[in-house]
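# Structural overview
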Amino acid sequence: MDHGKIVNKSIEYIEEHLDEKLSPDIIAANAGYSVYHFSRLFKECTGKSVMSFVRDRRLELAQKEFGGNRICDIAEKFGYETASGFCRAYKRRFGIRPGKSRMNA
């Protein structure tokens, strides 16, 4: 099978399960590959590690939730154990704190 097709199917799986617990093991198993081999394929095709891709997608979706939701609720919804962990990840990804982003929304 074409590596691009495998990765695209995995991205579809990730998109469908972003609100669930995801790990490289789960995603690789869904694709039918070992974690090592799948991780190499994924990075080769996307330029990102599997979990970097998952984290970035969750943060992009979280950005759309700022309307009337509290940051701690958004953090929990997207799999962060603490609001501070979410805020750090958000700032690393977008270069701005979620509170500032919320004011611009």
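Below: a short report on this structure. For every chain, the first residue of its written sequence is number 1, and the numbers climb from 1 along that sequence. Only residues with pLDDT of at least 70 get local features here, since the model is predicted, and only at 80 or more are side-chain atom pairs given and counted; chain-wide, interface and lining totals rely on the full set of residues. Side-chain descriptors were evaluated using all non-hydrogen atoms of the structure, hydrogens and water having been removed beforehand.

### Quick look at the overall build of the protein chain
The helix and strand inventory of the protein chain stands at 7 helices and 0 strands. The order of α-helices and β-strands along the protein chain, N terminus first, is α-α-α-α-α-α-α. Each of the three principal axes of the protein chain carries a C-alpha extent, and together these read 45 × 20 × 20 Å. Counting across all 105 residues of the protein chain, residues that qualify as buried make up 32%. Intrachain contacts of the protein chain at a sequence separation of at least 6 include 52% that bridge at least 24 residues. Carbon and sulfur atoms make up 48% of the accessible area of the protein chain, which totals about 6600 Å². A run of DSSP states H or I qualifies as a helix once it reaches four residues; a run of E qualifies as a strand once it reaches two. Both are numbered from the N-terminal end. Three labels apply to residues, based on accessible area from a 1.4 Å probe with only protein chains included: buried if under 20% of the type maximum, exposed if over 50%, partly exposed otherwise in between. Here a residue-residue contact requires only that any non-hydrogen atoms of the pair lie within 4.5 Å. Using a 1.4 Å probe, accessible areas were evaluated by the Shrake-Rupley method; residue-level cover was limited to the displayed protein chains.

### A few points about the environment of Lys77
Secondary-structure assignment places Lys77 in helix α5 (residues 71-77). Note: C-alpha distance between Lys77 and Gly4 (73 residues apart in sequence) is 30 Å.

### A few points about the pattern of salt bridges
By definition here, a salt bridge exists when the distance from a side-chain nitrogen of Lys or Arg to a carboxyl oxygen of Asp or Glu is within 4 Å. A full pass over the atoms with the stated rule returns 8 salt bridges. In this structure, Arg55 engages Asp56 in a salt bridge whose closest nitrogen and oxygen atoms are separated by 3.9 Å. On the basis of relative accessible area, Arg55 is assigned to the partly exposed category, the value being 33%. Classification of Asp56 by relative accessible area gives buried; the value is 7%. For Asp56, the salt bridge identified is with Arg93, shortest N-O distance 3.3 Å. With Asp56 in helix α4 (residues 50-63) and Arg93 in helix α6 (residues 83-94), this pair connects stretches of sequence that are 37 residues apart. Connected via shared salt-bridge partners are Glu15, Lys48, Arg55, Asp56, Arg57, Glu60 and Arg93.

### A look at helix α3 (residues 35-46)
Each full turn of the α-helix corresponds to 3.6 residues, which orients residues three or four apart in the same direction. Expected helix span is taken as 1.5 Å per residue step, with the number of steps being one fewer than the number of residues. Spanning 12 residues, α3 covers 16 Å between terminal C-alpha atoms, matching the ideal 16 Å at 1.5 Å per step. All of the buried residues along α3 are Phe38, Leu41 and Phe42. Looking straight down α3, one finds that the buried residues subtend no more than 100° of arc, so they occupy a single side. In α3, those exposed residues whose orientation departs by more than 90 degrees from the buried face are Tyr36 and Glu44. Gly47 lies just past α3 and shows a positive phi near 85°. Note that the arc is defined by the directions from the helix axis to the C-beta atoms.

### Re the environment of Arg58
As for its placement among the helices and strands, Arg58 is situated in helix α4. Overall, the relative accessible area of 12% leaves Arg58 in the buried class. When the C-alpha positions of Arg58 and Asp19 are compared, they lie 8.3 Å apart, and in sequence the two are 39 residues distant. Ignoring sequence-local partners within four residues, the contact set of Arg58 consists of His17, Leu18, Glu20, Leu22 and Phe78. One polar contact links the side chain of Arg58 to the main-chain carbonyl oxygen of Leu18, over a distance of 2.9 Å. From its side chain, Arg58 meets the backbone oxygen of Glu20 in a polar contact 2.6 Å long. Under the rule applied, a polar contact is a pair of N or O atoms within 3.5 Å (in protein, one hydrogen donor and one hydrogen acceptor; residues adjacent in sequence only if both atoms are side-chain atoms).

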